[in-house]
Amino acid sequence: AGAYQPDSGRILIKGREVNLHSPADALKQGIGMVYQHFMLVETMTVEENLLLGLHTVDLIPNRKKLRTEFESLSKQYGLDVPLDARVWQLSVGEKQRVEILRLLHRGADILILDEPTAVLTPQEAEQLGHALRQMMSLGKSVVLITHKLDEVMQFADRVTVLRSGENVVTVDTATTSPTQLARYMLGHEMARVQRAHEQTGDEIILRAQGLSALGDRGLRALSDLSFEIHKGEILGIAGVAGNGQRELAEVLAGLRPLQNGRVWIRDKDITRNSLDRTVSQYLGYVPEDRLHMGSVPGLAVSDNLILKSYRQKPFSRSSLLNFSAIKKFASRMVKHFNVVTSSVDTPIEKLSGGNIQKVILAREISIAPEAIIVSQPTRGLDVGAAEAVHRLLLEERKQGKAILLISEDLDELLLLSDRSRSLRQHPRDHGFIRPDR
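Just so you know, the residues in each chain are numbered from 1, in the order the chain's sequence is written. Per-residue local features of the predicted model are confined to residues with pLDDT of at least 70, and side-chain atom pairs are confined, for both listing and counting, to 80 or more; whole-chain, interface and lining totals are unaffected and use all residues. To obtain the side-chain values, all non-hydrogen atoms of the structure were included, while hydrogens and water were left out.

Bringing the overall build of the protein into the picture now. The numbering of helices and of strands both runs from the N terminus, where a helix is a DSSP run of H or I of at least 4 residues and a strand a run of E of at least 2. From N to C terminus, the protein includes 14 helices and 19 strands. Dimensions of the protein along its principal axes, counting C-alpha atoms only, are 65 × 50 × 50 Å. Under the scheme applied here, a residue whose accessible area is under 20% of the maximum for its type counts as buried, over 50% as exposed, and between as partly exposed, the area being computed with a 1.4 Å probe on protein chains only. Per-residue burial for the protein yields a buried fraction of 48% across its 437 residues. Restricting to contacts in the protein with at least 6 residues of sequence separation, those with at least 24 account for 66%. By element, 50% of the accessible surface of the protein is carried by carbon and sulfur atoms, the whole surface being about 22,800 Å². Within this scheme the basic residues Lys and Arg register as positive and the acidic residues Asp and Glu register as negative, but His and the chain ends are omitted. Every charge is mapped onto a representative atom, which is NZ of Lys, CZ of Arg, CG of Asp or CD of Glu. Here the protein carries 56 positive and 54 negative side-chain charges, and the mean point of each set is 3 Å from the other. Residues are treated as being in contact if the distance between any of their heavy atoms lies within 4.5 Å. Exposure was quantified through the Shrake-Rupley algorithm and a 1.4 Å probe, taking into account, for residues, occlusion by the shown protein chains and nothing else.

A separate point is the packing of aromatic side chains. What characterises a pair of aromatic rings is the spacing of the ring centres plus the angle enclosed by the ring planes. Two rings from Phe, Tyr or Trp (for Trp, the six-membered ring) form a pair when their centres sit within 6.5 Å of each other. Planes less than 30 degrees apart are called stacked, planes more than 60 degrees apart edge-to-face, and all others tilted. Per the counting criterion, the structure on display carries one aromatic pair. We call a charge positioned over a ring when the NZ of a Lys or the CZ of an Arg lies within 6 Å of the ring centre and within 35 degrees of the ring normal. The aromatic ring of Trp264 is capped on one face by Arg207, whose charged end is 4.1 Å from the ring centroid.

Further remarks concern the packing of helix H12 (residues 353–366) against helix H13 (residues 383–398). How two helices sit against one another is set out by the angle between their axes and by the gap between those axes. Contact geometry for H12 and H13: axes closest at 10 Å, N-to-C directions at 10°. Comparing their axes, H13 and H12 come out roughly parallel. In contact with Gly354, Gln357, Lys358, Leu361 and Ile365 of H12, H13 contributes Ala385, Ala388, Val389, Leu392, Leu393 and Glu396. Side-chain classes are defined by residue name, with Ala, Val, Leu, Ile, Met, Phe, Trp, Tyr, Cys and Pro counting as nonpolar, Asp, Glu, Lys and Arg as charged, and the others, Gly among them, as polar. Looking at the contact of H12 with H13 residue by residue, the class counts come to seven nonpolar, two polar and two charged. Axis angles are defined between N-to-C directions and span 0 to 180 degrees, where every axis is a line fitted to C-alpha atoms and, for a helix, only to the segment in contact. These descriptions rest on fixed angle ranges, namely under 35 degrees for roughly parallel, over 145 for roughly antiparallel, 65 to 115 for roughly perpendicular, and the rest for oblique.

Below, the discussion takes up the pattern of salt bridges. Here, a salt bridge means any side-chain nitrogen of Lys or Arg that lies within 4 Å of a carboxyl oxygen of Asp or Glu. One pass over the structure, following the stated rule, counts 24 salt bridges. Put simply, Glu364 and Arg363 hold a salt bridge, and the shortest N to O gap is 2.8 Å. Side by side, Glu364 and Arg363 carry an identical accessibility label, which is buried. Connected through shared salt-bridge partners, Glu47, Arg63, Arg67, Glu71 and Asp84 make up one network.

Let's shift gears to the environment of Asp172. On the secondary structure map, Asp172 appears in strand S7 (residues 166–172). Classification of Asp172 as partly exposed rests on a relative accessible area of 39%. For Asp172 and Glu17, which are 155 residues apart along the polypeptide, the C-alpha to C-alpha distance reads 26 Å. Excluding its chain neighbours within four sequence positions, the residues that come into contact with Asp172 are Asp157 and Arg158.

Let's shift gears to the sheet that holds strand S8 (residues 204–214). Where strands meet in a sheet, backbone hydrogen bonds hold them as pairs that are either parallel or antiparallel. Note: two strands are recorded as paired if DSSP finds a minimum of 2 bridges between them. With respect to topology, four strands assemble into an open sheet ordered S9-S8-S11-S12, the strand pairing being antiparallel. The open sheet is flanked by strand S9 (220–230) and strand S12 (268–269), the only strands paired with a single partner. Here S8 pairs with strand S11 (residues 260–265) via five bridges, running antiparallel. Bridging across to S11, Ser212 finds its partner in Asn260. Along the sheet, helix H8 (residues 245–252) contacts S8, S9 and S11; its crossing angle with S9, the most-contacted strand, is approximately 60°.

For the rest of this paragraph, the subject is the side chain of Lys401. One can find Lys401 in the loop between H13 and strand S17 (402–406). Note on Lys401: relative accessible area 14%, which makes it buried. Every residue in contact with Lys401, bar those within four places of it in the chain, is listed here: Lys231, Gly232, Glu233, Ala368, Pro369, Glu370, Ile372 and Glu396.

For a helix, the expected span equals 1.5 Å multiplied by the number of residues minus one. A rise of 1.5 Å per residue sets the reference length of helix H11 (residues 323–336), with its 14 residues, at 20 Å; its end C-alpha atoms lie 20 Å apart and thus fit the reference within 8%. Every buried residue belonging to H11 is among Ala325, Ile326, Phe329, Ala330, Met333 and Val334, and all of these are buried. In a view along the axis of H11, the buried residues occupy a sector of 165°, so they form one face of it. More than 90 degrees from the buried face of H11, the exposed residues found are Ser324, Lys328 and Lys335. Buried residues in H11 make contact with helix H10 (301–305), strand S15 (320–321) and H12. Following H11 by one or two positions, Asn338 adopts a phi angle in the positive range, close to 55°. Our arc is simply the arc of the directions from the helix axis toward the C-beta atoms.

What the three strands build is an open sheet, ordered S3-S4-S5; its pairing is parallel. What marks the edges here is a single partner per strand, and that holds for strand S3 (31–34) and strand S5 (141–145). Here the strands of the sheet are splayed against their neighbours by 15° on average, with no regard to which way each runs. Bridge count for S3 against strand S4 (residues 110–114) is four bridges, and the pairing is parallel. For Gly32, the partnering residue across the bridge sits in S4 and is Leu111.

A separate point is the packing of helix H3 (residues 63–77) against helix H4 (residues 92–105). In contact at an axis separation of 10 Å, H3 and H4 are set at 115° when each is read in the N-to-C sense. By the angle class used here, H3 and H4 are roughly perpendicular. Our pair here, H3 against H4, has a crossing hand that is right-handed. Residue-level contacts link Leu66, Glu69, Phe70, Leu73, Ser74 and Tyr77 of H3 to Leu101, Leu104 and His105 of H4. In terms of residue class, the contact of H3 with H4 is made up of six nonpolar, two polar and one charged. If you view the pair so one helix is near and one far, a crossing is left-handed when the near helix is turned anticlockwise from the far one by less than a right angle, and right-handed when it is turned clockwise.

So, in structure tokens, the structure goes:
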């Protein structure tokens with residue numbers, strides 16, 4: 001895609017060697033990339049985002065003609081998007097369609113999709129699959145980067161497995177299986193995580209009663225939601241995206257105001273506690289957006305590990321940071337949680353998704369919370385990283401932590417949870433959560 005320059009090797013397009021010095025060069029050669037983290041301007045409309053960067057338009061573009069082109073492409077490839085809506089109003093799946101539509105309008109014949117289904121609901125993933133098949137039927141080529149082996153088998157004609165930057169194997173999907181691909185990816189047989197069926201304690205650690213809250217658009221997102229989690233128990237929250245899971249996690253973590261309801265840790269009411277006291281003393285919180293909400297991308301691994309404890313000894317002395325203690329602590333955490341990084345001084349944005357997740361879990365576990373809220377913990381992770389995260393959560397359960405696990409992956413919920421609740425919209429009231437056993 002032109003973002004990095006190779007130290008060696010060649011790139012050939014239709015048998016002709018090319019040098020790609022930038023993404024603009026790649027696009028001129030017909031290569032376009034949709035990144036896992038979208039590159040859209042949230043406050044602008046879909047149509048305005050599609051117009052951004054166009055070099056083939058006049059100073060005053062013919063908006064009517066371009067709009068007709070956008071609508072035609074949208075219909076041709078089954079990428080329905082509301083052109084007049086602002087990007088922040090769109091679902092994740094719709095934002096992805098905008099990215100693909102923009103590349104198609106710029107003439108891309110080779111599309112590289114980085115983890116395209118990592119943030120999609122199953123229905124949106126199926127719609128994307130239809131769009132990809134339509135593109136291929138019209139002569140487009142697609143490179144699909146994904147950790148989801150079922151989707152590899154469903155979408156791809158051939159699959160190349162990379163491990164530590166090297167090509168392990170390239171095979172036709174018709175001649176392989178998800179189990180075989182996992183073996184290629186890990187370099188060994190995958191040991192399935194097994195949850196021991198220990199009894200949970202009788203003591204209630206986290207209790208919520210009558211929670212009601214608004215979403216970002218001012219609509220009701222939580223309505224009279226109550227639950228409790230016992231010592232050494234994982235309570236799973238199921239449901240497709242947009243049914244209040246994020247709002248629930250943010251309410252419990254002190255990031256979103258409550259309209260009604262109360263939250264207790266053991267017998268201590270933390271409903272009105274300050275954010276700092278809530279997250280630092282009682283609750284660990286692993287948000288679904290690990291790169292922007294769960295960490296500070298430009299800060300080092302060591303800095304991200306002490307974000308909740310930098311005011312405490314031994315990390316600070318007389319209002320000054322003790323860098324020696326911070327580095328020692330970070331090195332210990334990196335080793336204990338098996339974080340793959342060249343140095344604790346490496347910016348966390350340079351790490352893989354799985355290693356970023358390990359850093360966040362290490363930070364949250366290290367503050368010794370009573371309860372941990374974990375949202376979409378393995379979204380976008382490969383099978384090895386997901387296995388490591390599952391083991392960490394089960395170990396915390398064994399240590400007596402109360403864990404609220406929010407996930408769209410039903411297999412993950414069935415594997416890890418002791419009990420589960422599902423959240424869904426009321427059919428007559430948009431944004432209303434109804435908990436079901």
